[in-house]
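As a plain string of letters, each chain reads:
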Amino acid sequence: MDSDRARWTDAVAMGHRAAAGLVLSRPERVRGTLGEALGTGIGQSIEFMDFREYEPGDDTRRVDWSAFARTDRLMIRRHREDVSPRLEIVIDSSRSMDLPGTPKADVALALAAACERGGARAGYRTSTWRSTDGASLAPASVSQWAGFDGRTSQPFAAPARASAGAFGGVRIVITDLLFAGDLAARLRAASIGVRWVIVMHVVARDDLRPPEPGPMRLEDRETGSAVELHVDAEVASAFEARVDRYLASCRDACRAARATYIRLVAEDVRAPESLLVPLVRAGVLRPR
Amino acid sequence: MMSLGLPIGLWALAALAPLVAIYVFQRNSRPRPVSSLLLWDGFVRRTSGRSRVQRPPFPISLLLEILAIVVMAMGLADLRARLGAVRELPIVILDNSLSMGAIDTGASPPSALDRARERVREIVRREGVVRLVLAEETPRLLGDATPETLDRVCAPWRADAPLADIPAALAAALQLASHAPRIAVLTDGMPADAGVEVEAHPELRWIGVGRAVANIAITDAAGTTEALAFDLRAFADAPVDAAATLLSGPDADALRVASTRGVTLAPDRIATIRSPRPDDGPIVAIRLADDALGADNTVVLAPDDRPPVRARLDIAHDGLRAAVHGALHATGQAVIDAANPELVLTDSAQPEITGARTVRFEGSSGAPDAKPSRSFTGPFVLERTHRLVEGVDLTGAIWAIPEPATPLDPASIPLVLADTMPVVYEDPSGDLRIRIDIEASTVTATPGWPALVWNIVRWRADQRPGLARTNIPLGEPARCIGLESDEPAILVRPDGSRQPVPVADGVATVMSTQLGLHRIEHGEHRWVFSVQPLRLSESDLRSRRTCDLGRWPRATETTGFRSLSWVWAIGAIGVLALHSRMLREWSDAA
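Residues numbered from 1 in each chain as written. Chains lettered and ligands numbered in written order. Predicted model: local features only at pLDDT ≥ 70, side-chain atom pairs only at ≥ 80, totals over all residues. Heavy atoms only, no water.

A. Layout of the sheet that holds strand β8 (residues 204–209) of chain B. Residue and element names in this part refer to chain B. On the basis of which strands lie adjacent, the open sheet formed by 6 strands has the order β6-β5-β4-β7-β8-β34 and mixed pairing. With one partner strand each, in any of the chains shown, β6 (140–145) and β34 (546–549) form the two edges of the open sheet. Strand-to-strand twist of the sheet, defined as the mean angle between neighbouring strand axes without regard to direction, takes the value 20°. Direction of pairing for strand β7 (residues 183–187) relative to β8: parallel, over a ladder of 5 bridges. (Pairing = 2+ DSSP bridges. Helix = DSSP H or I, 4+ residues; strand = E, 2+ residues; numbered from the N terminus. Axes fitted to C-alpha atoms, helices over the stretch in contact; angles between N-to-C directions.)

B. View of the interface of chain B and chain A. Each partner contributes residues to the interface: chain B has 27 residues there, and chain A has 40 residues. Of the roughly 3200 Å² buried where chain B meets chain A, counting both sides, 59% is carbon and sulfur surface. Its largest share of buried area at the contact with chain A, chain B owes to B:Arg32, B:Ser35 and B:Leu39, together 25% of the area lost on that side. Between the two partners, chain B and chain A, sit 1 salt bridge. The salt bridge partner of B:Arg32 is A:Asp206, with a shortest N-O separation of 3.9 Å. Remark: the boundary between chain B and chain A carries 10 residue pairs in polar contact (both at pLDDT 80 or more). Those elements that provide at least two residues to the side of chain B that touches chain A are β2 (30–34) and α10 (565–589) of chain B. It is β2(B) that provides the largest number of residues to the side of chain B that touches chain A, a total of 5 residues. (Contact = heavy atoms within 4.5 Å. Buried area = accessible area lost by both parts, 1.4 Å probe. Salt bridge = Lys/Arg side-chain N within 4 Å of Asp/Glu carboxyl O. Polar contact = N/O pair within 3.5 Å; in protein donor to acceptor, adjacent residues only side chain to side chain.)

C. View of a nonpolar patch on the surface. Residues and elements named next belong to chain A. Side chains of Trp-65, Phe-68 and Leu-74 sit close together on the surface and give an oily, nonpolar patch of about 280 Å² of accessible area. Inspection of the secondary structure assignment puts Trp-65 in helix α2 (residues 65–71). Judged by relative accessible area, which is 51%, Trp-65 ranks as exposed. (Patch = residues over 30% accessible without salt bridge, like charges linked within 9 Å, V, L, I, M, F, W, Y side chains within 5 Å. Areas by Shrake-Rupley, 256 points an atom, 1.4 Å probe, with all protein chains shown as cover. Buried < 20%, exposed > 50% of the residue type's maximum accessible area, 1.4 Å probe, protein only.)

D. Broad picture of the packing of helix α4 (residues 183–191) of chain A against helix α6 (residues 233–256) of chain A. All names here are of chain A. Following both chains from N to C, one finds α4 and α6 inclined at 30°, their axes separated by 9 Å at the closest point. The angle between α4 and α6 places the two elements in the roughly parallel class. Judged by the twist between their axes, the crossing of α4 over α6 is right-handed. Packed against α4, whose contacting residues are Leu-183, Ala-184 and Leu-187, the element α6 presents Cys-250, Ala-253 and Cys-254 at the interface. Taken together, the residues of the contact of α4 with α6 break down into 6 nonpolar, no polar and no charged. (Parallel < 35°, antiparallel > 145°, perpendicular 65-115°, else oblique. Left-handed = near helix turned anticlockwise from the far one by under 90°. Nonpolar A, V, L, I, M, F, W, Y, C, P; charged D, E, K, R; others polar.)

E. Quick peek at the sheet that holds β2(B). Pairing in this open sheet of 3 strands is mixed, and the strands run β10(A)-β9(A)-β2(B) from one edge to the other. For this open sheet the edge positions go to β10 (226–231) of chain A together with β2 of chain B, each flanked by a neighbour on one side alone. On average, each strand axis in the sheet is tilted by 30° relative to the strand beside it, whichever way the strands run. With 6 bridges joining them, strand β9 (residues 214–220) of chain A and β10(A) adopt antiparallel strand pairing.

F. A look at the confidence of the model for chain B. All names here are of chain B. Mean pLDDT for chain B: 83, with 91% of residues reaching 70 or above. Confidence, expressed as mean pLDDT per element, reaches its minimum in chain B at strand β35 (residues 561–563) with 69 and its maximum at strand β4 (residues 91–95) with 93. Confidence over residues 45–54 falls short of pLDDT 50; this stretch has 23 contacts with residues more than four positions distant or in other chains. (pLDDT = per-residue confidence, 0-100.)

G. Spatial organisation of empty space enclosed by the protein. Residues and elements named next belong to chain B. For the structure on display, the rule yields 6 cavities of 30 Å³ or more. The computed volume of the largest cavity comes to approximately 70 Å³. Of the residues contributing to the lining of the largest cavity, the split by class is 5 nonpolar, 2 polar and 4 charged. Taken as a whole, the second largest cavity holds about 50 Å³ of empty space. Lining the second largest cavity are Ser-99, Ala-102, Ile-103, Asp-104, Pro-110, Ala-112, Arg-115, Asp-188, Gly-210, Arg-211, Val-213 and Arg-544. Residue composition of the lining of the second largest cavity, grouped by class: 5 nonpolar, 2 polar and 5 charged. (1 Å grid on protein atoms, 1.4 Å probe; cavity = no way out; pocket = protein on both sides within 12 Å on 5 of 7 lines; lining within 4 Å. Points joined across faces, edges and corners; volume = space filled by probe spheres on them.)

H. Geometry of the pairing of β7(B). All names here are of chain B. Counting buried residues along β7, 5 of its 5 residues qualify, which places the element largely inside the surrounding structure. Along β7, one buried face is formed by Ile-183, Val-185 and Thr-187 and the opposite face, lined by Ala-184 and Leu-186, is buried too. Bridge count between β4 and β7: 4 bridges; the pairing is parallel. If you follow Leu-94 over to β7, its bridge partner there is Leu-186.

I. View of the packing of helix α7 (residues 318–331) of chain B against helix α8 (residues 448–461) of chain B. Residue and element names in this part refer to chain B. At a minimum axis separation of 9 Å, α7 and α8 run at an interaxial angle of 65°. One finds that α7 runs roughly perpendicular with respect to α8. For α7 against α8, the interelement crossing comes out right-handed. From α7, Leu-320, Ala-323, Val-324, Ala-327, Leu-328 and Thr-331 reach across to α8, where they touch Trp-449, Pro-450, Val-453, Trp-454 and Val-457.

J. Structural detail: the side chain of A:Glu222. Mapped onto the elements, A:Glu222 comes out in the loop between β9 and β10. This buried residue, A:Glu222, is left without a salt bridge; A:Lys104 holds the nearest opposite charge, at 7.2 Å. In this structure the side chain of A:Glu222 is engaged in a polar contact, spanning 2.6 Å, whose partner is the side chain of A:Ser96. Excluding anything up to four places from it in sequence, A:Glu222 contacts A:Ser94, A:Arg95, A:Ser96, A:Arg151, A:Thr152, A:Ser153, A:Leu178 and B:Ser35. (Lys, Arg positive; Asp, Glu negative; His and termini not counted.)

K. Region of the structure containing helix α1 (residues 2–18) of chain A. Residue and element names in this part refer to chain A. Taking 1.5 Å of rise per residue, 17 residues should cover 24 Å, and α1 covers 24 Å from first to last C-alpha, within 8% of that figure. Where α1 is concerned, the buried positions are Trp-8, Ala-11, Val-12, Met-14, Gly-15 and Ala-18. Down the axis of α1, the buried set is contained in an arc of 160°. They therefore lie on one face. Facing away from the buried surface of α1 by more than 90 degrees, the exposed residues are Asp-2, Ser-3, Asp-10 and Arg-17. On its buried side, α1 packs onto β1 (22–24), α3 (104–121) and α7 (272–275). (Expected span 1.5 Å × (residues − 1). Arc of directions from axis to C-beta.)

L. Inspection of the packing of aromatic side chains at higher detail. Tallied over the entire structure, the rule returns 6 aromatic pairs over all chains. On the numbers, 5.4 Å between centres and 75° between planes, the contact of A:Trp8 with A:Phe148 is edge-to-face. Here A:Phe148 lies in the loop between β5 (136–139) and β6 (158–159) and A:Trp8 lies in helix α1, a separation of 140 residues in the sequence. Take A:Trp8: its relative accessible area is 4%, and that puts it in the buried class. The exposure class assigned to A:Phe148 is buried, which follows from its relative accessible area of 7%. Ring centres of A:Trp145 and A:Phe148 lie 5.2 Å apart, and the angle between their planes is 50°; this geometry places the pair in the tilted category. Owing to a relative accessible area of 4%, A:Trp145 belongs among the buried residues under this scheme. Taken together, the ring pairs connect A:Trp8, A:Trp145 and A:Phe148 into an aromatic cluster. Sitting over the ring of A:Trp145, A:Arg130 keeps its end group 5.1 Å from the ring centre. We note B:Arg205 situated over the ring of B:Trp552; from NZ or CZ to the ring centre the distance is 5.9 Å. (Phe/Tyr/Trp six-rings, centres within 6.5 Å; stacked < 30°, edge-to-face > 60°. Lys NZ or Arg CZ within 6 Å of the ring centre and 35° of its normal.)

In structure tokens:
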């Protein structure tokens with residue numbers, strides 16, 4: 001357990017290092033409680049946006065008198081609103097996310113930590129959640145990660161507290177998407193009221209390629225069940241075809257739900273300099 | 001009962017050990033954790049309970065592979081099946097050469113062929129079944145004969161082949177035999193004459209049915225439209241009187257006696273008889289009185305009625321024209337026809353005439369800047385395989401060629417080289433070029449000159465449609481060229497039988513085993529040729545002997561084991577195919 005904690009700590013530290021200088025992007029018309037971040041709507045911030053003609057009922061404190069003196073017309077100064085949008089990071093905490101011999105869990109935690117750090121810099125009010133074997137998400141902290149021990153993957157469930165959630169904000173789901181069911185339907189449900197859903201599909205290379213030829217005992221990391229089969233060229237070829245179809249279905253489901261889909265092969269992004277490249281490329285993170 | 005032909009092949013069964021070991025070790029599946037079995041669903045057969053296990057189909061595939069190895073090992077070990085007591089069929093080689101038709105009135109029966117038939121009948125009666133091989137230029141398997149079928153199987157044995165290659169037939173018989181051959185040769189000669197040592201072949205029995213008798217033969221015959229010449233030879237130890245009758249007529253069935261010539265033939269000496277060609281018809285036959293061998297007593301000469309070659313001389317140089325004209329006239333096979341030539345001999349660069357072959361003499365250009373000719377006195381290198389230089393002798397000749405010589409097309413075929421310089425060559429179009437400065441050369445004054453011109457005339461004549469030769473020795477092909485289409489031609493033999501002959505690129509090649517007049521029909525055209533015996537080796541009967549050499553080994557009812565290699569091969573293929581099919585089905589099911 002101590003070694004696991006050390007791993008999680010290292011992963012979080014790596015995420016923080018990787019996120020240096022990056023902020024989480026904000027979607028158009030992001031909403032949230034009054035905060036420090038500039039919204040896209042009209043608000044009370046000091047950030048000037050434009051003028052408009054005065055209309056009855058407008059706050060006379062916002063009349064630009066100097067403009068009135070020049071133009072003899074009552075003009076209202078409009079400023080951008082200050083918002084503090086919500087960022088909800090959901091980590092799939094099922095056992096499959098910690099596949100032995102792969103950096104899948106480390107990458108997932110590092111991504112979560114980087115997004116936390118980038119979101120904080122962008123003025124997001126961030127909350128982190130972990131999936132459970134139950135029907136709802138549980139609050140979590142990447143800096144005190146309890147481990148990947150779930151027997152099922154339910155990363156698109158609702159947060160345990162109704163007051164939480166990413167209403168009007170951003171939801172980032174870090175998962176390997178290895179669960180049965182209709183992904184598109186779950187995504188649609190999870191997108192209600194959320195401005196931007198980002199699915200970070202973290203997989204290991206071993207998830208995508210067939211085992212070596214020969215007799216093999218495949219042990220399900222989550223359920224513990226096992227199968228034995230003889231892997232030959234035909235089986236390997238069929239498996240690869242199935243993986244291709246599966247990846248395509250994940251991408252299509254995200255596209256149908258207007259979610260941003262980012263696939264990360266853990267072994268390819270395990271280094272700090274490469275960890276966030278796919279996120280920057282997808283516009284999720286941007287330089288500050 | 002089974003028997004192993006090659007027991008060491010059983011060592012192949014040792015392959016079973018590693019095969020089983022592979023299966024034993026392979027059955028220990030390697031564990032591999034996966035994130036989820038979701039993507040593997042369907043690859044395995046579901047079983048009840050938590051564990052979904054599909055055992056690979058090892059036992060059945062292992063059984064099949066073991067079976068394949070066993071079958072292949074049996075094949076390697078040549079496992080044979082016993083068929084019961086089997087006797088090896090004796091093989092009898094039958095000499096089918098012309099000399100087997102020799103007659104000796106002092107023997108019974110007089111014909112060597114009949115005596116040989118009696119002997120083979122005895123053998124067949126004794127053995128029950130005999131395999132017969134006909135010895136000709138190439139051996140021919142007649143089939144298996146019983147006393148009842150012997151006459152039918154032996155029908156092609158008529159003593160009408162130009163020769164019998166006994167060693168080749170013997171080799172064929174040894175190939176036909178399996179492990180305990182018994183072979184008999186029925187011929188009219190001694191083993192030494194055929195180059196066979198009976199002592200070296202314990203399985204061989206040599207039965208000679210020949211008789212040493214004197215014989216007179218026509219050993220050569222030729223004719224022109226005006227005269228005949230034929231050679232007679234006595235294969236005897238003392239002088240012999242012979243009478244040759246000349247017959248002629250419109251066809252081979254309507255010949256009339258034209259004259260008779262008597263001659264006394266010294267032993268082993270050839271007498272050449274010349275005679276004017278009888279004018280009763282185009283077909284001429286020469287016939288000797290009956291003697292030991294009838295086949296060489298008659299020669300039918302087909303008419304060589306090809307017209308002379310029409311030649312045109314376009315030669316400006318007086319000396320060259322005179323030399324060519326004189327040589328052409330001497331051939332007697334060419335006429336000057338300037339209007340419709342088949343052969344154009346020229347020393348100018350005039351365009352070629354359609355349908356004619358050109359012989360172009362490349363002499364001095366006569367230009368003011370022309371260099372002196374270059375003369376050669378030999379050695380001259382002649383392409384002896386080409387008929388254009390057949391019999392051409394340039395010894396002592398001076399051959400001068402003009403300088404500078406015209407460049408030679410790389411595709412040309414040099415026929416005569418003076419030193420390294422081609423002086424006679426065939427250009428790529430098939431025409432002939434002769435480089436010669438006639439004034440500085442002595443070639444036209446040598447015997448090689450008329451020979452060269454003769455060859456040129458024959459070369460042109462042989463390119464005409466039809467038969468190049470009308471009198472052909474038995475065993476040689478007749479070649480008919482220039483046929484207008486590739487429709488099959490028809491060969492009509494002396495006995496009236498007709499046989500289609502394929503035509504390829506306007507050429508039909510026929511080979512007949514019958515003596516006498518043949519006819520080739522193609523469309524409206526008819527060509528006649530004669531097949532003549534004219535084989536010295538067959539006519540000389542003095543070394544023929546009656547003998548019975550060698551003894552067959554006792555006919556043991558041997559072995560009776562038949563190799564089943566093909567069964568094992570098919571079995572192995574079948575097992576492997578089944579193995580492959582089952583693996584495919586298992587994969588499909590997965």
